[in-house]
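Close look at the chain arrangement
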Amino acid sequence: MFSDFRLISPSDNGYLKDMFASAGKESWCYFPPFLNLYSLLPSRPVYIYEQPSFTIIAQKVTNRREERLDLLIPPVSLNDNSVEWLNEVINYLIMHTQQSDLRILWVDESDLEFLSNRFGESLKYKLKDRDYLYEPQKVFDKKGREFRDLRKKINRVARLDPVFNEIQSQDLKPAENLLKDWRKNQGRKREFLLDWGYTMSSLKRFYEFSRSELRGWQVSVSGSLRGFALAGPISNKVGCFFVVKTDTQIDGLSEYLRWKVFSELLDHSLVNDAGDLGLPGLRQHKMKMRPSRIDNVYSVNLTRTGSKKYE
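Rules behind the numbers
Every chain begins its residue count from 1, and numbering advances along the sequence as written. Side-chain atom pairs in this predicted model are given and counted only at pLDDT of 80 or more, local residue features only at pLDDT of at least 70, and totals for whole chains, interfaces and linings cover all residues. Each side-chain value is worked out from all heavy atoms of the structure, with water and hydrogens disregarded. Throughout this description, the term salt bridge denotes a Lys or Arg side-chain nitrogen within 4 Å of a carboxyl oxygen of Asp or Glu. Helix and strand definitions here come from DSSP, where helices need a minimum of 4 consecutive H or I residues and strands a minimum of 2 consecutive E residues; each element is numbered from the N-terminal end. A simple rule labels every residue: compare its accessible area, found with a 1.4 Å probe on the protein chains alone, to the largest value its type can have, and call it buried under 20%, exposed over 50%, or partly exposed in between. Per-residue confidence from the prediction method is given by pLDDT, with values spanning 0 to 100. Whether two residues are in contact is decided by their heavy atoms, any of which lying within 4.5 Å being enough. What the arc measures is the spread of directions leading from the helix axis to the C-beta atoms.

1. Overview of the pattern of salt bridges
Opposite charge on two side chains makes pairing possible when the charged atoms of those side chains draw close. By the definition in use, this model includes 25 salt bridges. One salt bridge in this structure joins Asp-251 and Arg-156, with 2.5 Å as the shortest N-O distance. Here Asp-251, found in the loop between strand 10 (238-246) and helix 9 (253-263), pairs with Arg-156, found in helix 6 (residues 148-158); they are 95 residues apart in sequence, far enough to count as distant. In this structure Asp-251 comes out as partly exposed when scored by relative accessible area, which is 40%. Notably, a salt bridge pairs Lys-245 with Asp-195, separated by 2.8 Å at the nearest N-O pair. With Lys-245 in strand 10 and Asp-195 in the loop between helix 7 (172-185) and helix 8 (196-204), the pair connects residues that are 50 residues apart, well separated along the chain. By relative accessible area, which is 6% here, Lys-245 ends up buried.

2. What to know about the confidence of the model for the chain
Here the chain shows a mean pLDDT of 92. Residues at 70 or above account for 95%. Taken together, the stretch residues 306-311 has pLDDT below 50 and engages in 14 contacts with residues farther than four places along the chain or on a different chain.

3. A word on helix 4 (residues 109-119)
Considered for burial, the residues of helix 4 that qualify are Asp-111, Leu-112, Leu-115, Arg-118 and Phe-119. Seen along its axis, helix 4 keeps its buried residues to an arc of 135°; they face one direction. Two residues or fewer past helix 4, Gly-120 is found with a positive phi of approximately 55°.

Written out as structure tokens, the structure is:
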């Protein structure tokens, strides 16, 4: 039943962006380049399955411990046809594989409500993270007492005479080296900081995407690259602050780089800067820029709907 699945590619980005905009999606996980870069061959390919009334984005995980099929996001759009398809997939997995449920990795509030109404007790969910959404003009202006700490951090870095520019081809290797150092010093201390794979992929595959889909910037201090960031549109209204990595030894550099990138995203009314991973320090960092909204994002496990299939 999966013969019509095809590997996701950058050529799908325009179609995905239009589809997500029509569905009113604003969550960070709906950033089309992310869905592409999350596909890591051969262990975790991401597939698209298109039907007239809905589209599926799924991953297949194969490693020494397991082999399973999961959805990255719920079907777009959620309707009777897509619910019927979900049930058919769950039945197939139960009958033909070792998998007893279907997992959806990122689910926003509205889709959780829809799925809960349809699947009832056959649905289990848990809070995965929280999306921080900002008004970029407000962050860039950084006015008032609420932005005092952010201004201090930015002014401290500004005294180092940093240079902020769009990423060029010669910057990608230094950015990779910075990411490797970040992983040694920061990432390996926390097993749940799992963006290493797609962040490295984003640097290696940066020029597979148009600049209207994915833009990059770097900040240098004393002639050396000390931070990089990637961002782009989820829709014409909502931007995605996709990746930011900085030298952790320079206090305030992450705030400075985020502030500079927000100045490049002023044509969006909102920018989604993803979540805080449940880390108090990261939450404090993101609160400095005063989010306009914080949205919950969930993960879901589905089994057969039983009698609640079409309630």
